[in-house]
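Overview (structure and organization)
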Amino acid sequence: MLPAGINYEKFYCFGLTEPQNGSDASDLQTTATKVEGGYLLNGKKRWIGNATFSDVIIWSKNPSDGNRIQAFVVEQGSKGFTATKIEGKYGLRMTQNADIELVDCFVPEKNKLTKAKDFGSGTASVLEASRLMVAWSATGLMTGAYEAALKYTLNRK
Amino acid sequence: MESCEKDLLKHIDETSMPMWIIDKLKPLGVNGFQIKGYGSPGYTSTESGAIYFEMAKIDASITTFLMVHNAIGMQVIDLLGDEEQK
């Protein structure tokens, strides 16, 4: 998956937040039911950035493994997967956020991320590593706004 | 460096994703960020942050697009996938 992603041939995104579970990400309602050769995913996700054109890493409870939160890569266009763009946003207007619905969406065993054992070792470790970059981005946004305002006020009479 | 800021306005109005931005991003060679190998530049955390900082000064939507694909996309596969999955 990585060479295709680095060449911009494929895109990947992160499906954690649900309509009813935002901050409490450890108690997801999406389920991955073990079937022959893989899993059937059922549930809903909301606000998932890039989800209209990316393969989505869906975080889900796995009832066959003690309801632990694990990760399943759902390929764009999979049967039972729909991503609908969220309209009416005021901010980050080009970023495509989506509502996702999973109805008996089959994910092959090979697409279950093997080291995502549970919330602590999987989901939380990813969030720790990635949220720092959000802070950099927010600081850049503010700096850009400041510099633009400064340039404007110094140039006008 | 050439800026594509003005060309983004139409997409901001339309709330559409300018996929042509990929051709502008490719020559920068940043995609992959902290991942080691697979054609990624293998940046440090600070180097990655500095790039997102500079991008966000111009546009936060495009920064978010690249950050999602990397920090909570490919990096998840790098961190939690096995060799075959990567």
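Keep in mind that what you see is a predicted model, and the values were worked out from it rather than measured. (Residues numbered from 1 in each chain as written. Chains lettered and ligands numbered in written order. Predicted model: local features only at pLDDT ≥ 70, side-chain atom pairs only at ≥ 80, totals over all residues. Heavy atoms only, no water.)

**Re the pairing of strand S1 (residues 12-15) of chain A**
All names here are of chain A. Neither face of S1 is left uncovered, since the one carrying Tyr12 and Phe14 and the one carrying Cys13 and Gly15 both have all their residues buried. Sheet topology places S1 next to strand S4 (residues 55-62); four bridges connect them, and they run parallel. Within the sheet, the bridge partner assigned to Cys13 lies in S4 and is Val56. (Buried < 20%, exposed > 50% of the residue type's maximum accessible area, 1.4 Å probe, protein only. Helix = DSSP H or I, 4+ residues; strand = E, 2+ residues; numbered from the N terminus. Pairing = 2+ DSSP bridges.)

**Overview of the nonpolar core**
If you look at the biggest cluster of nonpolar residues, it comprises 39 residues, and the most contacted ones within it are Leu41(A) and Trp59(A). Secondary-structure elements contributing two or more residues to this core are helix H1 (2-6), S1, strand S3 (38-49), S4, strand S5 (68-74), strand S7 (97-108) and helix H2 (119-155) of chain A together with helix H4 (60-80) of chain B. The element best represented in this core is H4(B), accounting for six residues. Grouped together as the second largest cluster of nonpolar side chains are 20 residues, Met17(B), Leu25(B), Tyr43(B) and Met55(B) included. (Core = buried A, V, L, I, M, F, W, Y, C linked by side-chain atoms within 4.5 Å.)

**Quick look at the confidence of the model for chain B**
Across chain B, the average pLDDT comes to 95, with 98% of residues at 70 or higher. Note on the complex model: pTM 0.95, ipTM 0.94. (pLDDT = per-residue confidence, 0-100.)

**Some words on the interface of chain A and chain B**
Interfaces are often sized by the amount of accessible area the parts lose when they come together. With 49 residues of chain A at the interface, the matching set in chain B holds 55 residues. Summed over both sides, the interface between chain A and chain B buries roughly 4,300 Å², with carbon and sulfur atoms accounting for 70% of that surface. If you sort the residues of chain A by the area they bury against chain B, Leu2(A), Tyr8(A) and Met94(A) come out on top, with a joint share of 20%. Between the two partners, chain A and chain B, sit one salt bridge. (Contact = heavy atoms within 4.5 Å. Buried area = accessible area lost by both parts, 1.4 Å probe. Salt bridge = Lys/Arg side-chain N within 4 Å of Asp/Glu carboxyl O.)

**Re empty space enclosed by the protein**
A complete count under the given rule lists two cavities of 30 Å³ or more for this structure. Its boundaries defined by the atoms lining it, the largest cavity holds a volume of some 50 Å³. Counted by class, the lining of the largest cavity contains one nonpolar, four polar and four charged residues. Taken as a whole, the second largest cavity holds about 40 Å³ of empty space. If you trace the second largest cavity, you find it lined by Val126(A), Ala129(A), Ser130(A), Ala71(B), Gln75(B), Val76(B) and Leu79(B). Listed by contribution, the elements that provide at least two residues to the lining of the second largest cavity are H2 of chain A together with H4 of chain B. Per element, the largest residue contribution to the lining of the second largest cavity is four residues, and it comes from H4(B). Of the residues in the lining of the second largest cavity, the class split is five nonpolar, two polar and no charged. (1 Å grid on protein atoms, 1.4 Å probe; cavity = no way out; pocket = protein on both sides within 12 Å on 5 of 7 lines; lining within 4 Å. Points joined across faces, edges and corners; volume = space filled by probe spheres on them. Nonpolar A, V, L, I, M, F, W, Y, C, P; charged D, E, K, R; others polar.)

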